[in-house]
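If you want the building blocks of each chain, they are given just below.
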Amino acid sequence: MHVAILGRQPALGMAELEQLYGASGVQWFSDNSACIDHPGFDFERLAGSQKAGRVVAELRGDWRQTSTVLVNAYVDAWQNHKGKITLGISAYGFHVSPRDVQKAGIVLKAKLKKHGVSLRLIPNNDPALSTATSHHNKLGLSDNHIEILIVRSANGKVLIAESVGSQNITALARRDQGRPKRDAFVGMLPPKLARMMVNLSGVTPPGRLLDPFCGTGVLLQEAALVGFDVYGTDLSPKMIEFSQKNLEWLSETHHTVSDITLDQGDAMTHIWEGTISAVIAETYLGQPFSAPPSPSKLVQVRDNCDHIISTFLKNLAPQIPAGTPVCLAIPAWRDSLGHFTHLPLTGRLTSLGFSQQTLEHVRKEELIYYREDQVVARQLLVLKKG
Ligand SMILES: C[S@@+](CC[C@H](N)C(=O)[O-])C[C@H]1O[C@@H](n2cnc3c(N)ncnc32)[C@H](O)[C@@H]1O
């Protein structure tokens, strides 16, 4: 069994896990962690989890009890260890100070020293090491670079896990900022969200994913990295050129071997050709806003987006087989009180030819990606052709 430490929006990370490993393969452990019991668990593929670890012990107790068990167990396990150990300890869900966590490491280090085993302890600025610290120290990636994740649920259950890695923020930043073509006006879909959307579709390679609003190709990039062939269309010929350049860059730098099809086309009328295993798209989101728009402006923008996206869905429905997964990021506007205005089409998906997938562990209202300072949020629709 593995435990995953979920990202900034835990519901999104959980939805991703449920789509990849099935509702019975995953369960909530605490507000920001989940257990995964599935032989195919692959942390590298995920975007909604910050870290994951293989569970090595389950117990109950507070930090004092847990840290005593921890120190004794690892003195036993490592007293004959060859080579220097780099160790990080991360505690989640305990009422402890970083110093308390650090202290467990210092005691362990002193006891191991008596056995001639040398240990470099990564300092804790917080009870849990940041993803950046774990990633930069390569924790979880070899026998000598270890992070112990200690996770406590609200009812006092504790999991001790050995990390299998943390989110590769260097690679994510490179895919975002290193690609040759970017366009601030079209928008900047973070690769992390794009990867989550590929995973939310629930399909696994081989297959061919279509993005009918492909823009600069962020979703196509993530789909290609997972191993899919990719098919992108966009109204703008410039965006098709940008996607082409970005996918060429990806195959040169990341050695992807996907078959690529790119065509200019209006998603409201286009006829797509060939096999389509799933459709993923960040649709047209309307104009960007830095402050909430006036009510009349909001209605105007909302109705325009609603028209484009519902006409696209009506066009798409007869072109794909029943059951084909469709994962869309559509706009929802946040007011100053944090309330959302949604597209009217979300209330008539059935008449457009689609059914919304029900997830067991996450309510569909929670599938919305935003930052506190954003007016235009991205609502994630996880659909199937009806
Ligand atoms: C929010 S952007 C998507 C950005 C994209 N995810 C990326 O990686 O760059 C929406 C895209 O939809 C395109 N678009 C707008 N209306 C369209 C339509 N009717 N048919 C197809 N594409 C359209 C725009 O040109 C733009 O590239």
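Quick note: structure is the one above.
This section reports on the structure supplied with the text. From a predicted model like this one, the values you see are computed outputs, not experimental measurements.

## Considering the site of the ligand
- Inspection of the region around the ligand gives 19 residues, with Thr216, Asp234, Asp266, Ala267 and Glu282 positioned closest.
- The contact in question runs from an oxygen atom of the ligand to an N or O atom on the backbone of Val218, over 3.0 Å.
- Asp266 places a side-chain nitrogen or oxygen 2.9 Å from a nitrogen atom of the ligand.
- If the ligand stood free it would expose 600 Å²; the protein chains cover 93% of that surface.

## As for the environment of Val186
- Here Val186 is to be found in the loop between helix 5 (169–177) and helix 6 (191–200).
- Through-space distance from the C-alpha of Val186 to that of Asp306 is 18 Å; in sequence the pair is 120 residues apart.
- When neighbours within four sequence positions are excluded, Val186 is seen to be in contact with Gly215 and Met239.

## Let's talk about the sheet that holds strand 7 (residues 145–152)
- Strand order in this open sheet of 8 strands is 2-3-1-4-8-7-5-6, and the pairing throughout is mixed. Every other strand in the sheet has two partners, leaving strand 2 (26–30) and strand 6 (119–121) as the edge strands with one partner each. Within the sheet, the average angular offset between the axes of one strand and its neighbour, ignoring direction, is 35 degrees.
- Packed on one face of the sheet, helix 3 (residues 98–114) meets strand 5 (85–92) and strand 6 and runs near 170 degrees to strand 6.

## Details of helix 3
- Across its 17 residues, helix 3 extends 25 Å between first and last C-alpha, which sits within 8% of the 24 Å expected from 1.5 Å per residue.
- Buried within helix 3 we find Val101, Gln102, Ala104, Gly105, Leu108 and Leu112. The buried residues of helix 3 occupy an angular sector of 150 degrees when the element is viewed end-on, so they sit on one face. Among the exposed residues of helix 3, those pointing more than 90 degrees away from its buried face are Arg99, Lys103, Lys113 and Lys114.
- Residues of helix 3 that are buried in the fold lie against helix 2 (63–78), strand 5 and strand 6.

## Overview of the nonpolar core
- Membership of the largest hydrophobic core comes to 50 residues, with the highest contact counts inside it found for Leu17, Tyr21, Phe41, Val198, Leu209, Leu367 and Leu380.
- The leading source of residues in this core is helix 1 (residues 10–21), at 7 residues.
- Counting only domains with at least three residues in this core, you end up with domain 1 (2–167) and domain 2 (173–385).
- Trp333, Leu349, Leu352 and Val376 belong to the second largest nonpolar core, which has 33 residues in total.

Reading the values: rules and limits
Residues numbered from 1 in each chain as written. Predicted model: local features only at pLDDT ≥ 70, side-chain atom pairs only at ≥ 80, totals over all residues. Heavy atoms only, no water. Near = heavy atom within 4 Å. Polar contact = N/O pair within 3.5 Å; in protein donor to acceptor, adjacent residues only side chain to side chain. Areas by Shrake-Rupley, 256 points an atom, 1.4 Å probe, with all protein chains shown as cover. Helix = DSSP H or I, 4+ residues; strand = E, 2+ residues; numbered from the N terminus. Contact = heavy atoms within 4.5 Å. Pairing = 2+ DSSP bridges. Axes fitted to C-alpha atoms, helices over the stretch in contact; angles between N-to-C directions. Expected span 1.5 Å × (residues − 1). Buried < 20%, exposed > 50% of the residue type's maximum accessible area, 1.4 Å probe, protein only. Arc of directions from axis to C-beta. Core = buried A, V, L, I, M, F, W, Y, C linked by side-chain atoms within 4.5 Å. Domains from an automatic or database assignment.

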